[in-house]
Amino acid sequence: MEIVKIIGVGLIATIILAIIRTYKPELTIYVSIIAGAIIFSMVMDKLSAIIDLLTNLSKKSGINAQYVAILLKISGIAILSEFAVSVCKDLGETAVATKIDLAGKIIIISISIPIISALLELLIKILP
């Protein structure tokens, strides 16, 4: 089971962080980022399978491929910004974390405008 491996990496990283924080607290950010990168690489094949599935479903169903690409970009932005927010919070930089979170949300909204526009156009056609 892959989740056991991921939990193992997380727990090992947590133990290493607890030890390092006592002697060299400035190195904790590196351990945290490396642990996050290892965990992300462990789930990368699952992520690529999801992207392939969504792409195939959009082709079969006739959904505009542009919309699927937008949804994938939104998901990527959400994942990356959440990772950055977590790292900032781990370092005690909640103000920076809040700004990154807000920026991620604004970018997601700006990227989703074509989908919102298409939905509104569809509603206008449906409503009398």
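We now turn to the structure provided with this report. Quick caveat: nothing in here was measured; it's all calculated off a predicted structure.

### Quick word on the overall build of the protein chain
Step number 1: A count of helices and strands for the protein chain gives five helices and zero strands.
Step number 2: If you list the helices and strands of the protein chain from N to C, you get α-α-α-α-α.
Step number 3: By the compact-globule yardstick of 14 Å for 128 residues, the protein chain is too spread out, its C-alpha radius of gyration being 20 Å.
Step number 4: Each of the three principal axes of the protein chain carries a C-alpha extent, and together these read 70 × 35 × 20 Å.
Step number 5: Expressed as a percentage of the 128 residues in the protein chain, the buried residues total 18%.
Step number 6: Looking at the protein chain as shown, the accessible area adds up to about 9,300 Å², and 74% of this sits on carbon and sulfur atoms.
Step number 7: Of the charged side chains in the protein chain, 11 are positive and 9 negative, and the gap between their average positions amounts to 4 Å.

### Things to note about the layout of surface pockets
Step number 1: Approximately 180 Å³ is the volume attributed to the largest pocket.
Step number 2: Elements with a contribution of two residues or more to the lining of the largest pocket: α2 (28-61) and α3 (65-90).
Step number 3: Considering each element in turn, the lining of the largest pocket owes the most residues, six residues, to α2.
Step number 4: Class assignment for the residues of the lining of the largest pocket results in nine nonpolar, one polar and no charged.

### Looking at the environment of T94
Step number 1: Among the structural elements, T94 can be located in helix α4 (residues 94-111).
Step number 2: A residue is classified by how much of its surface remains accessible, and T94, at 47% relative accessible area, is partly exposed.
Step number 3: T94 sits 18 residues away from S112 along the chain, and the two C-alpha atoms are 27 Å apart.

### Here's the deal with the side chain of T28
Step number 1: Turning to its location among the elements, T28 is positioned in helix α2.
Step number 2: When its relative accessible area of 7% is taken as the criterion, T28 is described as buried.
Step number 3: Here T28 is in contact with L17, I20, R21 and L91, once residues within four sequence places are set aside.

### Let's talk about the packing of α3 against α4
Step number 1: Two numbers describe how α3 lies on α4: the axes approach to 8 Å, and their chain directions differ by 175 degrees. In terms of orientation, α3 and α4 fall into the roughly antiparallel class. When α3 is examined against α4, the residues I70, I74, I77, A78, S81, A84, V85, C88 and K89 are found in contact with a partner set consisting of T94, V96, A97, I100, D101, G104, I107, I108 and I111.
Step number 2: Residue composition of the contact of α3 with α4, by class: 13 nonpolar, three polar and two charged.

### As for a nonpolar patch on the surface
Step number 1: A cluster of nonpolar side chains, I116, L119, L120, L122, L123, I126 and L127, forms an exposed patch at the surface whose accessible area comes to about 690 Å².
Step number 2: Its place among the elements puts I116 in helix α5 (residues 113-126).

Thresholds, definitions, all that
- Residues numbered from 1 in each chain as written.
- Predicted model: local features only at pLDDT ≥ 70, side-chain atom pairs only at ≥ 80, totals over all residues.
- Heavy atoms only, no water.
- Helix = DSSP H or I, 4+ residues; strand = E, 2+ residues; numbered from the N terminus.
- Rg over C-alpha atoms; globule rule 2.2 N^0.38 Å.
- Buried < 20%, exposed > 50% of the residue type's maximum accessible area, 1.4 Å probe, protein only.
- Areas by Shrake-Rupley, 256 points an atom, 1.4 Å probe, with all protein chains shown as cover.
- Lys, Arg positive; Asp, Glu negative; His and termini not counted.
- Charge placed at Lys NZ, Arg CZ, Asp CG, Glu CD.
- 1 Å grid on protein atoms, 1.4 Å probe; cavity = no way out; pocket = protein on both sides within 12 Å on 5 of 7 lines; lining within 4 Å.
- Points joined across faces, edges and corners; volume = space filled by probe spheres on them.
- Nonpolar A, V, L, I, M, F, W, Y, C, P; charged D, E, K, R; others polar.
- Contact = heavy atoms within 4.5 Å.
- Axes fitted to C-alpha atoms, helices over the stretch in contact; angles between N-to-C directions.
- Parallel < 35°, antiparallel > 145°, perpendicular 65-115°, else oblique.
- Patch = residues over 30% accessible without salt bridge, like charges linked within 9 Å, V, L, I, M, F, W, Y side chains within 5 Å.
- Salt bridge = Lys/Arg side-chain N within 4 Å of Asp/Glu carboxyl O.

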